[in-house]
Every structure is written in C-alpha cells, then in structure tokens.
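One-letter residues, chain by chain:
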Amino acid sequence: RFDLVVGGYYNDYQFDRTPIGTGPFTFGSNTARLGFSVCPASGIGFCPVQTSFTKELTENRTLAGFADATVKLADQFELFGGIRLSDYRNVTGVQVFQRPSSACADTSISNAITGECPRGVFTTTESNFSGRIGASFRPNPDTNLFASYSRGYKPTAVGTKATGALFELKPELSDAFEIGAKF
C-alpha cells in the first residue's frame, strides 16, 4: 500500500571551449582563417571582418536529493507526490583574443603581444525546492483517471555573446497541471 523512492543526484561539469588553431598563439595564426577572418594578422589596412577568438571556461556543480511516494488509500484510489531539493553552483569566465589588440574595449588592460582582452567572471549559486502531487482512480483494471500538479525548475544559465560578453539567462520555473485518462 506504500511505495517510496529516495535518491540523490550529483553532477560536476567542466567545459573548456578554445577555438582550434596552430601557430605561436593559443588561438593560432590570424591569416586566412576562413570562418573566423580573412584579414591580415598585422591589422594594417581596412578589414570588414574583425579577427577575434573567444575562450570560455565553465564549471558547475549540481547536488540534489529527492523522494517520491505513492500511497494506496483503497484498491482503486492512490495519492502520489514527490519533492526535490537542488543546490546549484556555476562559474563561467571568458577571454576574447583580438587583432589588432587596440580593438579591446579598454586598451589599458589589453595585452599587446597576445591581443588578449580580459572579460569578467559570472558566478551564480542557488537552491530550489520543487515537487509534485496528484491522485489516480482506477474504476477497473483497464482504466486510470488521474490529476496532478507539479513544479519544475531550471537554474540560472550564462550565455556568451559573439563579442565575448557574458549575459544571464534567468532561472525557469514551470507549473504543470494534468488531468487525464488512460484506457
């Protein structure tokens, strides 16, 4: 008459995105790189396509505990529900490498040798409590009538623009109401 599932979840994720290239710099030679730029590495003359490469490093950790239970109140009627407590931490940082290095927004911090334009680091830490509750009725073995409510949660995320600037994607909350029948 009583079913219980209890568990935990742990995820440690690291993402290091570095554009592919060869040459004396981390991101390779800037001459004739189709897909990035066809401008000369010297930066001399008019160049309609800016030579820039973005390095992104993301580290996040998710830790969660959950429980889900079903209680049979009668042969034909059940109540069910569950809870989840999540703890999330994310750190994302980017660096933009540009030629010429004077193209950095703040030239006082650019590195004339590598053309590096440092950017900030975005850190977020948050916790969430979510769950579900519902009931089901089986008037016969081939029919199930049910209703439920659940709340879902997706934590804050960080995006990177083509310029290397970071932006925040707000957390997502979803409320789901379900009424249905299975035959």
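The preceding data block contains the structure.
Computed from a prediction, not measured in an experiment: that's the story for all the values here. (Residues numbered from 1 in each chain as written. Predicted model: local features only at pLDDT ≥ 70, side-chain atom pairs only at ≥ 80, totals over all residues. Heavy atoms only, no water.)

**Looking at the overall build of the chain**
Here is the rule: Put simply, DSSP H or I for four residues or longer makes a helix, DSSP E for two residues or longer makes a strand, and each gets a number counted from the N terminus. Only protein chains enter the accessibility calculation, which uses a 1.4 Å probe; a residue is then buried when its area is under 20% of its type maximum, exposed when over 50%, and partly exposed in between. Contact criterion: two residues are considered in contact whenever any of their non-hydrogen atoms come within 4.5 Å of each other. Surface accessibility follows the Shrake-Rupley procedure with a 1.4 Å probe radius. Residue values consider only the protein chains on display as shielding.
What the chain contains, in helices and strands, is zero helices and eight strands. For the chain, the α and β elements follow one another from N to C terminus as β-β-β-β-β-β-β-β. Within the chain, the proportion of its 183 residues that are buried is 27%. Considering only contacts in the chain between residues 6 or more positions apart, those separated by 24 or more positions represent 62%. Working note: accessible area of the chain is about 11,600 Å², and carbon and sulfur atoms make up 59% of it.

**Here we look at the packing of aromatic side chains**
Our working definition: Pairing of aromatic rings covers Phe, Tyr and Trp, the last counted by its six-membered ring, and requires centre-to-centre distances within 6.5 Å; plane angles under 30 degrees mean stacked, over 60 mean edge-to-face, and any other angle means tilted. The criterion for a charge sitting over a ring is simple: Lys NZ or Arg CZ within 6 Å of the ring centre, and within 35 degrees of the ring normal.
Evaluated as defined, the whole model comprises one aromatic pair. With a centroid separation of 4.9 Å and 40 degrees between ring planes, the pair formed by Y149 and F177 is classed as tilted. Separated by 28 residues along the polypeptide, Y149 in strand 5 (residues 143–154) and F177 in strand 8 (residues 172–182) bring together distant segments of the chain. For F177, a relative accessible area of 68% translates into the label exposed. It is K182 that lies over the ring of F146; its NZ or CZ is 5.6 Å from the centre.

**Some remarks on a nonpolar patch on the surface**
Rules: Residues forming no salt bridge and having over 30% relative accessible area are the ones grouped into patches, like charges within 9 Å of each other and nonpolar side chains (Val, Leu, Ile, Met, Phe, Trp, Tyr) within 5 Å. Salt bridges are counted wherever a side-chain nitrogen of Lys or Arg sits within 4 Å of a carboxyl oxygen of Asp or Glu.
Residues L73, F77, L79, F137, L145 and F183 make up a contiguous nonpolar surface patch of roughly 590 Å² in combined accessible area. Its location among the elements puts F137 in strand 4 (residues 116–140). Look at F137 and you get partly exposed, because its relative accessible area is 33%.

**Regarding the side chain of T70**
Tracing the chain through its elements places T70 in strand 2 (residues 51–72). Here T70 falls in the buried class, since its relative accessible area comes to 18%. Discounting chain neighbours no more than four positions away, the residues touching T70 are R1, F2, D3, E78, L79 and F80.

**Overview of the pattern of salt bridges**
Pairs can form between side chains of opposite charge whenever their charged atoms are close. Evaluated as defined, the whole model comprises six salt bridges. K170 is the partner of E168 in a salt bridge, and the nearest nitrogen-oxygen pair spans 3.4 Å.

Honestly, that's just the spatial picture; any functional story needs more than this.
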